[in-house]
Amino acid sequence: MTNKAECCPKTKERQEKEYKDLINRLSRIEGQVRGVRGMVEKNSYCVDILIQVSAINAALNAFNKVLLTNHIKTCVTNDIKEGREETVDELVETLKRLMK
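A few points on the structure. (Residues numbered from 1 in each chain as written. Predicted model: local features only at pLDDT ≥ 70, side-chain atom pairs only at ≥ 80, totals over all residues. Heavy atoms only, no water.)

1. Side note on the nonpolar core
Among the nonpolar cores identified, the biggest contains eight residues, and these are L22, I29, V36, M39, I49, I56, F63 and V66. If you list the elements that add at least two residues to this core, you get α2 (16–41) and α3 (46–81). Leave out the neighbours within four places in its chain, and I49 touches V36, M39, V40 and S44. (Core = buried A, V, L, I, M, F, W, Y, C linked by side-chain atoms within 4.5 Å. Buried < 20%, exposed > 50% of the residue type's maximum accessible area, 1.4 Å probe, protein only. Helix = DSSP H or I, 4+ residues; strand = E, 2+ residues; numbered from the N terminus. Contact = heavy atoms within 4.5 Å.)

Structure representation (structure tokens):
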């Protein structure tokens, strides 16, 4: 098993409000995914499942928007102020991956 520090050396201390918001969003998404699983297990109609999956995708996109906004306002801004311009390149690469 890979050590977390080896695969993800960067970390971020989040404000309590930001942390709670992200965790609450993820908890709702987890609930939605469990609901879709239940629908599949109960042989629900395909269209009904697809609509719920679409709602999950929208919730994940909203989560990404919040996380990206917070990242730009904190991590990216702070790194640029401290002269770590490579963070802009990292952001550009991240945006490319998100826009596939």
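Anyway, onward from the coordinates.
2. Focus on the packing of α3 against helix α4 (residues 86–98)
At their nearest, the axes of α3 and α4 sit 10 Å apart, and the two run at 165° to each other. Relative to α4, the element α3 is oriented roughly antiparallel. Where α3 crosses over α4, the two elements pack in a sense that is left-handed. Across from N64, L68, H71, I72, V76, D79 and I80 in α3, the residues of α4 making contact are T87, V88, E90, L91, L95 and L98. Here the residues of the contact of α3 with α4 sort into eight nonpolar, three polar and two charged. (Axes fitted to C-alpha atoms, helices over the stretch in contact; angles between N-to-C directions. Parallel < 35°, antiparallel > 145°, perpendicular 65-115°, else oblique. Left-handed = near helix turned anticlockwise from the far one by under 90°. Nonpolar A, V, L, I, M, F, W, Y, C, P; charged D, E, K, R; others polar.)

3. Some points on unusual backbone geometry
Despite not being glycine, N43 has its phi angle at roughly 55°, a positive value. You can see N43 is positioned in the loop between α2 and α3. Here N43 falls in the exposed class, since its relative accessible area comes to 68%.

4. Describing α3
In an α-helix there are 3.6 residues to a turn, and that puts residues three or four apart on one side. The end-to-end C-alpha distance of α3, which contains 36 residues, comes to 51 Å, matching closely the 52 Å that a straight helix rising 1.5 Å per residue would cover. Of all the bends in α3, the greatest measures close to 35° and is centred on H71. Those residues of α3 that sit buried are I49, I56, F63, V66, V76 and D79. Considering only its buried residues, α3 is in contact with α2 and α4. Count one or two residues on from α3 and you reach G83, which has phi positive near 85°. (Expected span 1.5 Å × (residues − 1). Bend = angle between axes of the 7 residues up to and from the residue.)

5. Notes on the pattern of salt bridges
Using the criterion set out here, one finds nine salt bridges in the structure. Between D21 and R25 there is a salt bridge, with its nearest N and O atoms 3.3 Å apart. Note that D21 and R25 are positioned in helix α2 at a spacing of four residues, about one turn of the helix. Taking the relative accessible area as the measure of exposure, D21 reaches 27% and is therefore partly exposed. Here E82 makes a salt bridge to R84, at a shortest N to O gap of 2.7 Å. We classify E82 as exposed; its relative accessible area is 53%. What you see here is one network of salt bridges that share partners, running through K12, R14 and E18. (Salt bridge = Lys/Arg side-chain N within 4 Å of Asp/Glu carboxyl O.)

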